[in-house]
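# Chains, contacts and geometry: an overview
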Amino acid sequence: MNRTDIFDGFKQQIHASAKSHIVSQSANITSVLVGRGNIIVEKGDITKQTVDIIVGSSSSTALLEGIFRAAGSAVRTEYMNEQKNDPNAVLISTIPGSLSLSTVIVHVISYRFTSIAFPAIGCGKHGCSVDVVVKTMVKEIKNQLTLRNYPLTVKFVIEASQQGLYDEFCRQVLKKENRNYTKIVRIERIQNEQWYLQYFAHSEGFKKRLHQNTEKILYHGCPEIAANSIIKKCFDRNFSGVNGTAYGNGVYFSSNASYSHTYAPPNTKGKRCMFVVRVLVDGQHIFVTYHDAQAYAEYLIIYKAN
């Protein structure tokens, strides 16, 4: 792997994330393809959606009651029992009842389903700014579809009487993100003999234990001050958690440069830092290491982005 390979791979990943959406519109439905996924804004009844998952919020009594009425008493009973058994549960899964879906999830974060329907959570009587709430929801779904490259259909189902809210969802869904990456300033080769020897020893241990080579070339975006520290001291788990610890206290890497870009803020001159890293892993998209010698920063890409 040389600088030309690094340049071409980085450019291909970044440009792939900026592909145009394919749009389909009618009077009551707006559909946009994002990567391998699909975002649909539709006027209708959330309880009548033919999807794998319906998402609701335990703070929305009206929504819960609507789901319970449509799904039947068995769903209500199961939900109440699960909530009683674990009042602090982040996710409660119930049988589908009378709904046309495989699982009803209330107060949910879900992964690896093929279709999911959201109501306009947070856009009711809670005094929240509708444009901010809608923008946040849509932007996160776009990011997840782009970064995970997963064939998921996501529906935002809006009541027919809420034309203004429907229009706002459509506006955000149709909005194209500005991802014009302009210039790679330089690519630096990092040579740290101490950390390389530690990484090499750890790699040999992985091979003996797993009987295969688990090394991957991944990306790690970070602020300039962190990049300077990594060059000198490599990756230190003691500094993990600055950008979240969804998968534990470790160092986070991605196979997708556009994902790592979100963690690479510009310095005062507009330059960003992203490492190309050799990592010993076992995963698919987001990778986490829990040992300092499990990753070796080989190249640093300095670039600018609009």
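Above this text sits the structure in question.
Throughout what follows, the structure given in this document is the object of discussion.

Reading guide: rules and limits
Residues numbered from 1 in each chain as written. Predicted model: local features only at pLDDT ≥ 70, side-chain atom pairs only at ≥ 80, totals over all residues. Heavy atoms only, no water. Phe/Tyr/Trp six-rings, centres within 6.5 Å; stacked < 30°, edge-to-face > 60°. Helix = DSSP H or I, 4+ residues; strand = E, 2+ residues; numbered from the N terminus. Buried < 20%, exposed > 50% of the residue type's maximum accessible area, 1.4 Å probe, protein only. Patch = residues over 30% accessible without salt bridge, like charges linked within 9 Å, V, L, I, M, F, W, Y side chains within 5 Å. Areas by Shrake-Rupley, 256 points an atom, 1.4 Å probe, with all protein chains shown as cover. Salt bridge = Lys/Arg side-chain N within 4 Å of Asp/Glu carboxyl O. Pairing = 2+ DSSP bridges.

Scanning the entire structure with this criterion turns up seven aromatic pairs. Ring plane angle 80° and centroid distance 5.1 Å describe the contact between F235 and F253, whose orientation is recorded as edge-to-face. With a gap of 18 residues between them, F235 in the loop between α7 (224-233) and β11 (251-254) and F253 in strand β11 connect regions that are remote in the sequence. F235 gets classed as buried once you look at its relative accessible area, which sits at 3%. We classify F253 as buried; its relative accessible area is 2%. These aromatic residues form a ring-pair network of at least three members: Y196, Y199, F200 and Y296.

Here we come to a nonpolar patch on the surface. A contiguous nonpolar surface patch, about 310 Å² in accessible area, is contributed by Y196, L197 and F200. Checked against the element boundaries, L197 lands in helix α6 (residues 193-210).

On to the pairing of strand β3 (residues 37-43), then. Here is the key point about a regular strand: its side chains alternate between the two faces of the sheet. β3 sits mainly inside the fold: seven of its seven residues count as buried. Going residue by residue along β3, you find G37, I39, V41 and K43 tucked away on one face and N38, I40 and E42 tucked away on the opposite face as well. Looking at chain direction, strand β2 (residues 29-34) and β3 are connected through six bridges and run antiparallel. Bridged to I29 within β3 is E42. Connecting β2 to the next strand, β3, in antiparallel fashion are two residues, including G35 with a positive phi near 60°. Relative to strand β8 (residues 153-158), β3 runs parallel, the two sharing six bridges.

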